[in-house]
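Examination of the molecular architecture
Listed here are the chains, written in short residue letters.
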Amino acid sequence: MSRLVVVSNRTADPRNAAAGGLAVAVRESLQQTGGLWFGWSGKVAEEADGGTPRTSEPHLQTVGNVTLATLDLSREDHETYYLGYANDVLWPVFHYRLDLANFDTRFAAGYRRVNQLFAHKLLPLLKPDDLIWVHDYHLIPLAAELRAMGCGNRIGFFLHIPMPPPLIMAAIPEHEWLMRSLFAYDLVGFQCEADLTHFSHYVESEARAEKVGRDCLRAFDRTLRVGAYPIGIDVDDFVRLAEANEGLRMFAGMREEYSRRRLLLGVDRLDYSKGLPQRIHAFRQLLACHPENRNSATLIQIAAPSREDLGAYDQLRRQMDGLCGEINGDYGELDWMPVRYIHRNVARKRLPGLYRASHVALVTPLRDGMNLVAKEFIAAQDRADPGMLVLSRFAGAAEQLKEALLVNPYDTQGTAQAIQRALTMPLDERIERHEALLSRIRKFDIRWWSSSFLQALKQVEHDDVELASKT
Ligand code: GDG
């Protein structure tokens, strides 16, 4: 059996839970098979005396059946590749936020340089039949760099964030190079059909790509297999966590404290894609339009710190502090505050109990690749008395989770009405919707995601031979 080699910007000790969808997902799929996980260590290397950064070799560490290989970055690379191109160009543009993008030419050069560095350091660690799975927007050109160095392995790429429509993509000065780089992979996976459609439209209009068979595109003299592989969660593990001591304690504690109240919950990284200010506006509208919720409905909003060294995040933090302060000042009572806003990380084992104690989850991103919180909330519910999910139609998860209450997060009034509907939904309707949602997230769980992607990647050569003989 081929060894699995996962490459992502950051790695994490697979025994520790981390905040962030990619870390959780990658950890789960690697633990199943074992293998190598390669990425940035998270450290910025000190500069040598002459100001030139020390080039380090990957640091190797064995954790159970997984070997972690991590590299330090120089300060310049950290600023241009990570803070610059990845998080100040690709993240905003791929989330449709051209207004927040900073197209500094130094960033593109740093991005290319670090992808070359990754390829150069990874290559000697590879065996000929390794299956390589590259994750996310930080590493789009990695396969092209590996191919240029002679790597003939099968390489797959999964984009965890949305693929924007062609005209938004075209705002990135290097868009052609980025999209052409994807054709160095054998398989490119997206979170949902809408993303796949955007990519197909881009390459058909900008690169005259042709559809070959059901799921291949031909351009730049290469045939690329593409598909939608909606990422899932480990449902059983989440149910177990909900029913473990810590989960039960958390649930009982919250239910007791809020016995006279209705609990609403938001769990997000503090990121402008997650629609947090819009959510607070909608909650405020709910209190204004449906006064029976005053002194009752309480929104716990966890906003885990994220990318704090970028200006847009600092601005969002101040905006959230202001909005939460205002709503509490305007509506709070001596014994009730409408919003409990927590700008800290909460331990993963406490989340399931919190999800289960909540009557309504607000998952209302303005744009999101998938959104795992929506699925975690469903998994953690009591099947006999489940809470209701209010979900943005702009989350990738909305394609799969149609029985949630789907909302347009830009529509404050509409979102407030959906929250009211969730709070007052009769038990039999909640159970019916929850059963449908649960069975779908069980069917398309994390194992389905990784095994269907890897299966497709393993079949690529075989498919290519078949396609070649048909055309
Ligand atoms: C990217 C894409 C896609 C959150 N706060 C805490 C915490 N979390 C955990 C959640 C969940 C994960 O982090 C967040 O996952 P999401 O999917 O919601 O979002 P991103 O981090 O933006 O992830 C996203 C994902 O990749 C996977 O492909 O779904 O669209 O943007 O697991 O539970 N965990 C802990 N404390 C917190 O305070 N322990």
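What you see is a predicted model, and the numbers here were worked out from it, not measured in a lab. (Residues numbered from 1 in each chain as written. Predicted model: local features only at pLDDT ≥ 70, side-chain atom pairs only at ≥ 80, totals over all residues. Heavy atoms only, no water.)

Another point: helix H6 (residues 175-182). Looking only at H6, the buried set comprises His-175, Leu-178, Met-179, Ser-181 and Leu-182. Burial along H6 is one-sided: seen end-on, the buried residues are contained in an arc of 155°. (Buried < 20%, exposed > 50% of the residue type's maximum accessible area, 1.4 Å probe, protein only. Helix = DSSP H or I, 4+ residues; strand = E, 2+ residues; numbered from the N terminus. Arc of directions from axis to C-beta.)

On to the nonpolar core. Core analysis: the largest hydrophobic core is formed by 96 residues, its most contacted members being Val-7, Leu-90, Phe-94, Tyr-185 and Phe-199. The element best represented in this core is helix H2 (residues 75-94), accounting for 10 residues. Of the domains in this structure, domain 1 (4-232 + 448-459) and domain 2 (235-443) are the two that each give at least three residues to this core. Ignoring anything within four residues of it in the chain, the contact list for Phe-94 reads Ile-140, Leu-159, Ile-161, Pro-162, Met-163, Pro-164, Met-169 and Ile-172. Membership of the second largest hydrophobic core comes to 57 residues, among which are Ala-12, Leu-68, Tyr-258 and Ala-404. (Core = buried A, V, L, I, M, F, W, Y, C linked by side-chain atoms within 4.5 Å. Domains from an automatic or database assignment. Contact = heavy atoms within 4.5 Å.)

Among the 26 residues in the neighbourhood of the ligand, the closest are listed as His-160, Asn-345, Val-346, Asp-368 and Glu-376. One of the backbone N or O atoms of Gly-369 is found 3.0 Å from an oxygen atom in the ligand. The backbone of Asn-371 places a nitrogen or oxygen atom 2.9 Å from an oxygen atom of the ligand. Computed on the free molecule, the ligand has an accessible area of 740 Å², of which 97% lies beneath the protein chains in the complex. Of all the elements in the fold, those that place two or more residues in the shell around the ligand are helix H1 (21-33), strand S11 (262-269), strand S12 (297-304), helix H12 (351-357) and helix H13 (372-380). The element that contributes the greatest number of residues to the shell around the ligand is H13, accounting for three residues. Of the residues that constitute the shell around the ligand, the class distribution is 14 nonpolar, seven polar and five charged. (Near = heavy atom within 4 Å. Polar contact = N/O pair within 3.5 Å; in protein donor to acceptor, adjacent residues only side chain to side chain. Areas by Shrake-Rupley, 256 points an atom, 1.4 Å probe, with all protein chains shown as cover. Nonpolar A, V, L, I, M, F, W, Y, C, P; charged D, E, K, R; others polar.)

The next thing to look at is the confidence of the model for the protein chain. On average, the protein chain scores 92 in pLDDT, and the residues at 70 or more come to 94%. Here residues 462-471 is a poorly scored stretch, pLDDT under 50, and it has five contacts once near neighbours within four places are set aside; other chains count. (pLDDT = per-residue confidence, 0-100.)

Glancing now at the pairing of strand S9 (residues 216-219). Relative to S9, strand S8 (residues 210-212) runs antiparallel, the two sharing three bridges. Bridging across to S9, Lys-211 finds its partner in Leu-217. Count of turn residues in the S8/S9 antiparallel hairpin: three residues, of which Gly-213 carries a positive phi of about 65°. For S9 and strand S10 (residues 222-228), the ladder comprises four bridges, and the chain directions are antiparallel. When the sheet's bridge partners are listed, Cys-216 is paired in S10 with Arg-225. Joining the antiparallel neighbours S9 and S10 is a turn of two residues, in which Phe-220 adopts a positive phi near 50°. (Pairing = 2+ DSSP bridges.)

What follows concerns unusual backbone geometry. Even without being a glycine, Arg-208 presents a positive backbone phi close to 50°. You can see Arg-208 is positioned in the loop between helix H7 (193-207) and S8. Using a relative accessible area of 74% as the deciding quantity, one classes Arg-208 as exposed. Positive phi is not limited to glycine here, since Arg-307 has a value of about 40°. The topology assignment puts Arg-307 in the loop between S12 and helix H11 (311-331).

What follows concerns the packing of helix H8 (residues 235-243) against helix H9 (residues 245-257). Close contact between H8 and H9 brings their axes to 4 Å; oriented N to C, the two are set at 60°. The orientation of H8 relative to H9 falls into the category oblique. Residue-level inspection shows Leu-241, Ala-242 and Glu-243 of H8 in contact with H9, the latter providing Asn-245, Gly-247 and Leu-248. In terms of residue class, the contact of H8 with H9 is made up of three nonpolar, two polar and one charged. (Axes fitted to C-alpha atoms, helices over the stretch in contact; angles between N-to-C directions. Parallel < 35°, antiparallel > 145°, perpendicular 65-115°, else oblique.)

Turning to the sheet that holds S9, a few remarks are in order. Strand order in this open sheet of 10 strands is S3-S4-S2-S1-S5-S6-S7-S10-S9-S8, and the pairing throughout is mixed. Strands at the two margins of the open sheet, each flanked by one partner only, are strand S3 (59-63) and S8. Averaged over all adjacent pairs, the angle separating strand axes in this sheet is 25°, with direction ignored. Direction of pairing for strand S1 (residues 4-10) relative to strand S2 (residues 35-44): parallel, over a ladder of four bridges. From the neighbouring strand, Val-6 faces S2, where its bridge partner is Trp-37. Taken strand by strand, H7 contacts strand S7 (187-190), S8, S9 and S10, and its axis lies near 155° from that of S10.

With that settled, consider the sheet that holds strand S16 (residues 405-407). Sheets are built from strands paired through backbone hydrogen bonds, the pairs being either parallel or antiparallel. Strand order in the open sheet formed by six strands is S13-S12-S11-S14-S15-S16, and the pairing between neighbours is parallel. The open sheet terminates on both sides in strands that have one partner only, identified here as strand S13 (339-342) and S16. Strand after strand, the sheet turns through a mean of 20° between neighbouring axes, direction not considered. When S11 meets S12, the two strands line up parallel, connected through eight bridges. Within S12, the position partnered with Gly-266 by the bridge is Gln-301. Against the sheet, H11 contacts S12 and S13, and its axis sits at roughly 155° relative to S13.

If you check which residues of H8 are buried, you get Val-235, Phe-238 and Ala-242. Buried residues along H8 cover an arc of 65° about the axis, so they all sit on one side. The inward-facing, buried residues of H8 contact H9, H12, H13 and helix H15 (427-443).

By definition, a disulfide is the covalent link that joins the sulfur atoms of two cysteine residues. Going through the model one piece at a time under the given rule, you end up with zero disulfides. The thiol of Cys-289 is not disulfide-bonded; the next cysteine sulfur, from Cys-324, is found 19 Å away. (Disulfide = S-S within 2.5 Å.)

This part is about the pattern of salt bridges. Scanning the model with the defined rule gives 32 salt bridges in all. A salt bridge links Asp-236 to Arg-442; the nearest nitrogen and oxygen atoms lie 2.8 Å apart. Of this pair, Asp-236 sits in helix H8 while Arg-442 sits in helix H15; the two residues are 206 residues apart in sequence, bridging distant segments of the chain. Look at Arg-442 and you get partly exposed, because its relative accessible area is 35%. (Salt bridge = Lys/Arg side-chain N within 4 Å of Asp/Glu carboxyl O.)

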